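Summary of structural features
Listed below, chain by chain, are the residues.
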Amino acid sequence: MQLERFKTDILPLRQMLFAAARKWLQQDEDAEDATQETLLRLWNIREQLDSVASPGAFAMQTVKNICIDRLRTRKEKTSVDGCRAEADYETPHAEIERKDAVALVGQIVERLPALQQTVIRMRDIEGYELQEIAEITGTQVSAVTVNLSRARKKVRDQFMKIMNYRL
């Protein structure tokens, strides 16, 4: 995609991208940053945009992913601070229970089928996007979504089953 086509096809989407980012992030400054980052990413891959069926839809998906990443970062910062505050007041018994629960979830994940194990680790632990997982595993995004859902359900069900036995 040449500069002129980029100007006519992508830059007019700026307001729409900003509106979407503002809806997600709820702050004008953050939305502006996400919009700028989206346009920069699109500019950096402009040669590949010619093969995209709908550049507008691709731009919207890009801004959505950027907003989700920013929200995750915000959440992680908040939760890290929250964990530190809780850790100061956590009793030894509560700390042992938390560590046991984490270890139990790890054991349950190890018993999952290989693809479900890979998908849940890549998504929930390493933070990969669904599209990235699909590319790495050589499957469709829908298959990744199904395997992730099944893996999470199995982990949740097994965890609850074991925890109810302990009570």
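The written sequence of each chain sets the order in which its residues are numbered from 1. Local features in this predicted model are restricted to residues of pLDDT 70 or higher, and side-chain atom pairs are both shown and tallied only at a pLDDT of 80 or more, whereas totals for entire chains, interfaces and linings draw on every residue. With hydrogens and water stripped out, all remaining heavy atoms of the structure feed into the side-chain values.

1. Focus: the side chain of glutamine 117
Formally: Only DSSP runs of H or I reaching four residues or more are called helices, and only runs of E reaching two or more are called strands; each is numbered from the N terminus. Contacts between residues were defined by any pair of non-hydrogen atoms, one from each residue, lying within 4.5 Å.
Mapped onto the elements of the fold, glutamine 117 is located in helix H6 (residues 114–125). In this structure glutamine 117 touches Val109, Glu110, Arg111 and Leu112, once residues within four positions along its chain are discounted.

2. Notes on the layout of surface pockets
Rule in force here: Cavity means a closed set of points on a 1 Å grid over the protein atoms alone, one where a 1.4 Å probe fits but cannot get out, pocket means an open set with protein on both sides within 12 Å along at least 5 of 7 lines, and lining means a residue has an atom within 4 Å of a point. Grid points are joined across faces, edges and corners, and a volume is the space filled by probe spheres set on the points.
Space inside the largest pocket adds up to approximately 550 Å³. Lining the largest pocket are 16 residues, with Gln61, Asn65, Glu129, Gln131 and Glu132 sitting closest to its centre. Listing elements by their share of the lining of the largest pocket, those giving two or more residues are helix H4 (55–89) and helix H7 (130–137). A total of 7 residues in the lining of the largest pocket trace back to one element, the largest contributor, which is H4.

3. So, the packing of helix H2 (residues 14–25) against helix H3 (residues 28–44)
Let me state the cut-off plainly: Between N-to-C directions, angles cover 0 to 180 degrees, with each direction set by a line fitted to C-alpha atoms, over the stretch in contact for helices. Here the angle decides the label: under 35 degrees means roughly parallel, over 145 means roughly antiparallel, 65 to 115 means roughly perpendicular, and every other value means oblique. In this scheme the crossing of two helices becomes right-handed for a clockwise turn of the near helix relative to the far one and left-handed for an anticlockwise turn of less than a right angle. Under this grouping Gly is polar, as are all residues other than the nonpolar Ala, Val, Leu, Ile, Met, Phe, Trp, Tyr, Cys and Pro and the charged Asp, Glu, Lys and Arg.
Relative to each other, H2 and H3 sit at 130 degrees, their axes nearing to 8 Å. Between H2 and H3, the angle falls in the class oblique. Note on packing geometry: the crossing formed by H2 with H3 is right-handed. Here H2 contributes Arg14, Leu17, Phe18, Ala21, Arg22 and Leu25 to the contact with H3, which in turn contributes Asp28, Asp30, Ala31, Glu32, Ala34, Thr35, Gln36, Thr38 and Leu39. The residue makeup of the contact of H2 with H3, split by class, is 7 nonpolar, 3 polar and 5 charged.

4. Structural notes on the nonpolar core
Selection rule: Side-chain atoms within 4.5 Å are what join buried Ala, Val, Leu, Ile, Met, Phe, Trp, Tyr and Cys residues into a set we call a nonpolar core. Throughout, exposure labels follow a simple rule: accessible area from a 1.4 Å probe, protein chains only, divided by the maximum for the residue type, with under 20% read as buried, over 50% as exposed, and the rest as partly exposed.
Formed by 17 residues in total, the largest nonpolar core has its most connected members in Ile10, Leu17, Ala21, Ala34, Leu42, Val63 and Cys67. Residue assignment for this core shows that the elements contributing at least two residues are H2, H3 and H4. The element best represented in this core is H2, accounting for 5 residues. If we ignore the near neighbours within four places in the chain, the residues touching leucine 17 are Thr35, Thr38, Leu39, Ala59, Met60 and Val63. Counting 14 residues, the second-largest nonpolar core is a separate cluster that includes Ile120, Met122, Ala134 and Val155.

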